[in-house]
Amino acid sequence: MKDTRNSPEIEIAGLSKVFGAGASAFTALSDIDLTIAQGEFFTLLGPSGCGKTTLLRVIAGFEQPSDGSLRINAQEVAGKGPNARPVNTVFQNYALFPHMSVAQNIGFGLKMLGRARSEIDATVDEMLALVQMAHLADRKPAEISGGQQQRVALARALAPRPRVLLLDEPLSALDLKLRKGMQSELKRLQGETGITFVFVTHDQEEALTMSDRIAVMSEGRILQTGTPHEIYHRPRERFVADFIGDTNFLEVEVAEADGAAAQVKLPGGALHSARLPGGLRPGAGARVTVVIRPEQAQLVAPGQGVLAATVEKSVFFGTDTHVHLHLEGGAPFILRRQNTGAMPEPDPGSAVGLALAEGALQVVGD
Amino acid sequence: MAEATGRYAPADRTTVAKPRRRARNFDVRHLPGFGAVAIFTFFMLYAPILILVVFSFNAAPSQAQWGGFSLQWYEAAFNNRQVREVSIRSLWLALVASGIATTVATLAALGTTRVRRFPGQTMIYALINQPLMVPEIVTGVALLIFFAAIKVQTGYTGMGYLVAAHTAFCIPFAYLPIRARLETMDITLERAAADLYASPFQAFRHVTLPLLVPGIVAGFMLGFVISLDAVVITEFVKSAGQDTLPTYMLGQLRRNITPEMNAIATLFLALSLCIVTAFFLLTRKRG
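Residues numbered from 1 in each chain as written. Chains lettered and ligands numbered in written order. Predicted model: local features only at pLDDT ≥ 70, side-chain atom pairs only at ≥ 80, totals over all residues. Heavy atoms only, no water.

**Q** I'm lost on the overall build of chain B in this one. Help?
**A** From N to C terminus, chain B includes 13 helices and zero strands. N-terminal to C-terminal, the α/β element order of chain B is α-α-α-α-α-α-α-α-α-α-α-α-α. Expressed as a percentage of its 287 residues, the buried residues of chain B come to 35%. Pairs at least 24 residues apart make up 71% of the contacts formed inside chain B by residues separated by at least 6 positions. When the accessible surface of chain B is summed, it comes to about 17,400 Å², and 69% of that surface belongs to carbon and sulfur atoms. (Helix = DSSP H or I, 4+ residues; strand = E, 2+ residues; numbered from the N terminus. Buried < 20%, exposed > 50% of the residue type's maximum accessible area, 1.4 Å probe, protein only. Contact = heavy atoms within 4.5 Å. Areas by Shrake-Rupley, 256 points an atom, 1.4 Å probe, with all protein chains shown as cover.)

**Q** Can you walk me through the domain arrangement of chain A in this structure?
**A** Much of the literature gives interface size as the accessible area that the parts lose upon coming together. Residues and elements named next belong to chain A. Assigned domains within chain A: domain 1 (8–238) and domain 2 (246–364). The C-alpha-based centres of domain 1 and domain 2 are spaced at 39 Å. With eight residues of domain 1 at the interface, the matching set in domain 2 holds twelve residues. If you sort the residues of domain 1 by the area they bury against domain 2, Tyr232, Arg236 and Arg238 come out on top, with a joint share of 61%. Taken together, the links from domain 1 to domain 2 amount to zero salt bridges. Run the count over domain 1 and domain 2 and you get four residue pairs in polar contact (both at pLDDT 80 or more). Per-element accounting of the side of domain 1 that touches domain 2 gives the leading share, three residues, to helix 7 (residues 228–233). Partitioning the side of domain 1 that touches domain 2 into residue classes produces three nonpolar, one polar and four charged. (Domains from an automatic or database assignment. Buried area = accessible area lost by both parts, 1.4 Å probe. Salt bridge = Lys/Arg side-chain N within 4 Å of Asp/Glu carboxyl O. Polar contact = N/O pair within 3.5 Å; in protein donor to acceptor, adjacent residues only side chain to side chain. Nonpolar A, V, L, I, M, F, W, Y, C, P; charged D, E, K, R; others polar.)

**Q** Would you mind showing me how to read helix 9 (residues 187–195) of chain B here?
**A** For an α-helix the count is 3.6 residues per turn, leaving residues at separations of three or four pointing the same way. Burial analysis of helix 9 of chain B places seven of its nine residues in the buried class, which makes it a mostly covered element. All buried positions along helix 9 of chain B are accounted for by Thr188, Leu189, Glu190, Ala192, Ala193, Ala194 and Asp195 of chain B. Structurally, helix 9 of chain B contributes buried residues whose contacts are with helix 1 (52–60), strand 6 (87–90), helix 2 (102–112) and helix 4 (146–158) of chain A together with helix 10 (200–229) of chain B.

**Q** Sorry, what's going on with the layout of surface pockets here?
**A** One way to see where empty space is left: roll a probe the size of a water molecule over the atoms. Estimated volume of the largest pocket: approximately 750 Å³. Along its surface, the largest pocket is lined by 21 residues, and Phe62 of chain A together with Arg114, Ile187, Glu190 and Arg191 of chain B are the ones closest to its centre. Only helix 4 (81–113), helix 9 and helix 10 of chain B provide two or more residues apiece to the lining of the largest pocket. (1 Å grid on protein atoms, 1.4 Å probe; cavity = no way out; pocket = protein on both sides within 12 Å on 5 of 7 lines; lining within 4 Å. Points joined across faces, edges and corners; volume = space filled by probe spheres on them.)

**Q** How should the packing of helix 4 of chain B against helix 8 (residues 160–184) of chain B be read in this particular structure?
**A** Each packed pair of helices is defined by two parameters, the angle between the axes and the distance between the axes. Residues and elements named next belong to chain B. Following both chains from N to C, one finds helix 4 and helix 8 inclined at 45°, their axes separated by 6 Å at the closest point. Compared by their axis directions, helix 4 and helix 8 come out oblique. The two elements helix 4 and helix 8 meet at a crossing, and its hand is right-handed. (Axes fitted to C-alpha atoms, helices over the stretch in contact; angles between N-to-C directions. Parallel < 35°, antiparallel > 145°, perpendicular 65-115°, else oblique. Left-handed = near helix turned anticlockwise from the far one by under 90°.)

**Q** Teacher, can you tell me more about the nonpolar core here?
**A** Soluble globular proteins: nonpolar side chains tend toward being buried together. Counting 68 residues, the largest nonpolar core has Ile10, Ile12, Leu44, Leu55, Phe97 and Phe108 of chain A as the members making the most contacts within it. For this core, the element with the most residues is helix 8 of chain B, which contributes eleven residues. Each residue touching isoleucine 12 of chain A, except ones within four places of it in the same chain, is listed here: Ile32, Asp33, Leu34, Leu55, Ile59, Ser69 and Leu70 of chain A. Judged by nonpolar contacts, the second largest core, of 35 residues, contains Ala137, Val152, Ala159 and Leu189 of chain A. (Core = buried A, V, L, I, M, F, W, Y, C linked by side-chain atoms within 4.5 Å.)

**Q** Got a minute to help me understand the pairing of strand 13 (residues 271–275) of chain A in this structure?
**A** Working note: regular strand, side chains alternate between the two faces of the sheet. Residues and elements named next belong to chain A. The two faces of strand 13 differ: His272 and Ala274 on one face are buried, but Leu271, Ser273 and Arg275 on the other face are not. Sheet topology note: the strand 12 (residues 261–265)/strand 13 ladder contains five bridges and is antiparallel. When the sheet's bridge partners are listed, alanine 261 is paired in strand 13 with arginine 275. The antiparallel hairpin formed by strand 12 and strand 13 contains five residues in its connecting segment, where glycine 268 sits at a positive phi of about 100°. (Pairing = 2+ DSSP bridges.)

**Q** Looking at this model, I keep getting lost on the side chain of histidine 322 of chain A. Mind explaining?
**A** Residues and elements named next belong to chain A. Locating histidine 322 in the fold gives a position in strand 17 (residues 320–327). Owing to a relative accessible area of 13%, histidine 322 belongs among the buried residues under this scheme. Side-chain polar atoms of histidine 322 contact the side chain of arginine 336, separated by 3.4 Å. Beyond its immediate chain neighbours, meaning those up to four positions away, histidine 322 contacts Asp246, Lys313, Ser314, Val315, Phe317, Ile334, Leu335 and Arg336.

**Q** Just checking my understanding: could you explain the packing of aromatic side chains for this structure?
**A** The way to describe two aromatic rings as a pair is by their centre distance and the angle between their planes. All names here are of chain B. The final tally for this structure, using the stated rule, is 14 aromatic pairs over all chains. Between phenylalanine 57 and phenylalanine 69, the aromatic rings sit 5.3 Å apart at their centres with planes inclined by 20°, giving stacked as the arrangement. Linking phenylalanine 57 in the loop between helix 2 (34–56) and helix 3 (72–79) with phenylalanine 69 in the loop between helix 2 and helix 3, this pair joins segments that are twelve residues apart in sequence. Relative to tyrosine 175, the ring of tyrosine 125 has its centre 6.1 Å away and its plane inclined at 55°; by these criteria the two rings are tilted. Here the residue tyrosine 125 occupies a position in helix 5 (residues 121–128), and tyrosine 175 occupies one in helix 8, the gap between them amounting to 50 residues. Judged by its relative accessible area of 31%, tyrosine 125 is partly exposed. (Phe/Tyr/Trp six-rings, centres within 6.5 Å; stacked < 30°, edge-to-face > 60°.)

**Q** Got a minute to help me understand the sheet that holds strand 15 (residues 297–300) of chain A in this structure?
**A** Paired through their backbone hydrogen bonds, the strands of a sheet run either parallel or antiparallel. Residue and element names in this part refer to chain A. Spatially, five strands are ordered 15-19-16-17-18 in an open sheet, and the strand pairing comes out antiparallel. Each edge of the sheet is formed by a strand with only one pairing partner; in this case those strands are strand 15 and strand 18 (332–338). Within this sheet the neighbouring strands show an average axis-to-axis angle of 45°, counted without direction. Pairing geometry for strand 15 and strand 19 (residues 351–356), over four bridges, is antiparallel. When the bridges of strand 19 are listed, leucine 299 appears paired with leucine 354.

**Q** Can you help me understand the sheet that holds strand 4 (residues 67–72) of chain A in this one?
**A** All names here are of chain A. Ordered by their spatial adjacency, four strands build an open sheet running 2-1-4-5, and the pairing between neighbours is antiparallel. What marks the edges here is a single partner per strand, and that holds for strand 2 (26–37) and strand 5 (75–76). Each of strand 1 (8–19), strand 2 and strand 4 is contacted by helix 1, which is oriented at about 115° to strand 1, the strand it contacts most.

**Q** Help me out: how do you make sense of the interface of chain A and chain B in this one?
**A** At the junction of the two partners, chain A supplies 27 residues and chain B supplies 19 residues. The largest share of the area that chain A buries against chain B comes from Asn83, His99 and Met112 of chain A, three residues that together contribute 29% of it. Where chain A meets chain B, there are eight residue pairs in polar contact (both at pLDDT 80 or more). When contributions to the side of chain A that touches chain B are tallied by element, the ones reaching two or more residues are helix 1, strand 6 and helix 2 of chain A. A breakdown of the residues in the side of chain A that touches chain B according to their chemical character gives 16 nonpolar, six polar and five charged.

See below:
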């Protein structure tokens, strides 16, 4: 297959969506700029009400943007209906047609496109095989399980070979085991078809494990776009750090700043380097918030390391243990360590030191 | 089980008795007199109909004294040219009026559920359902005067007036089940159709309409029965020689009541039972 990954599939510029008018107007999306590359698995991540589903519906054509431009494969589609866009959707509730069989559901898109009967039949068979549903082709949606309905919804959306597949929290109705299975199934299908996937979820773990890139959204805005690594390790804002994974926040004072790095003064007085996100250039003496992931701190003997703390309790999670601490000065801190069996759990109330990995500190904006 | 509860009753009283009493609290069957009221209601509903059916097979020309089994009144009804004429007129009128009403009601239901809310929507809802709220006698008098004016102007005295009148009051009866069906239908199904390249008309033809069929059939049948039943408005609107079955029967009652009327009523009862049964079977199959 030709590598087209770097050419843009979806280009969104200055897009906004306002519902209602006057005093009751509600801005669901404001000033969205986003480029999604061909063949990318792109995730819109955020809490409910952040606008991620609205953005998906604008891309699908169910809602028209109030302002801005939306191009799919270099064609402006703002103002066009959903039936005029090379985009298909997997709906959260699947939205399978209850009066049609599984095969008729999958063939619906091609039938509407006016394809020949023979071509529709061939594609339906291919899709049924792709999602391993050939044995249930003649069943009605009400006669198959939730996981199977999910596969049919996927096959139905893939059958017309769209340029972009939109997935609106498609896994949220499945139980944990099925969800894990469908996650790898989705990745496999995306790899096999080469179609650009735009995936909406509020589940940060799902986003981290499946995506090529993630856009974190809040209150109608995109706060940060990046690879799962960038989002996790280099959050630009407090909200992003807080939403993705467990996080410790510390209020610190900047000792000196130089370009993308700064020296900050930790509680207790020790100096440590911290990365600065682009666009944030605090001067010496400024108070900033730094993020420390729980697995990037290590327990050391009291008096050693860069932070002093008191153990509150340990919580055993099987593969790892979460140690809840109070830093000198009272701030809570959670530390995660793998249970390799080498170290005993610290006693509650005992004093410990904390060592931080190089690059563990990331300054975030508020 | 009974033995066990008996043996442990003193110890178990606090734990067992409480939930049992709570479970009984809101069961209407335990209210005093419930059974009697239920039996009385069913008796009042069905006893008159049962007696009507029984006496349609009476050999004697009486509604009170049984004179043996006979089909003579059915024979008389079939051979009565007037009965045949008004029956056919009634069925034709009900079919045409509820057919038009169902079409209009389907469009109205789509227009009030499948668009963005617009100002005056509640007003339109009320206007569509007006025949449910205005007394029939008022509508009847209004139509009489209105149609009289048209008759004078145009000279037309055909069935058009009855069709128009019946259609008008059938619309809300057809509208309500169709609208109910549309409101419970998942709107994402139509979105999904549009997403899969269906034009608005194709989405309606392939998704909305097939799912709407039970509502439309229910609406049509309601309209059909209501039209078949209409006495007041028909009496006001009909021209000479335009008697429908109910107005004909009413006219006959003024003279002498023979079991022929019972036979006709029984036949119509059988017809409506057939329609209702067919509808149930049809909708159950569709799931």
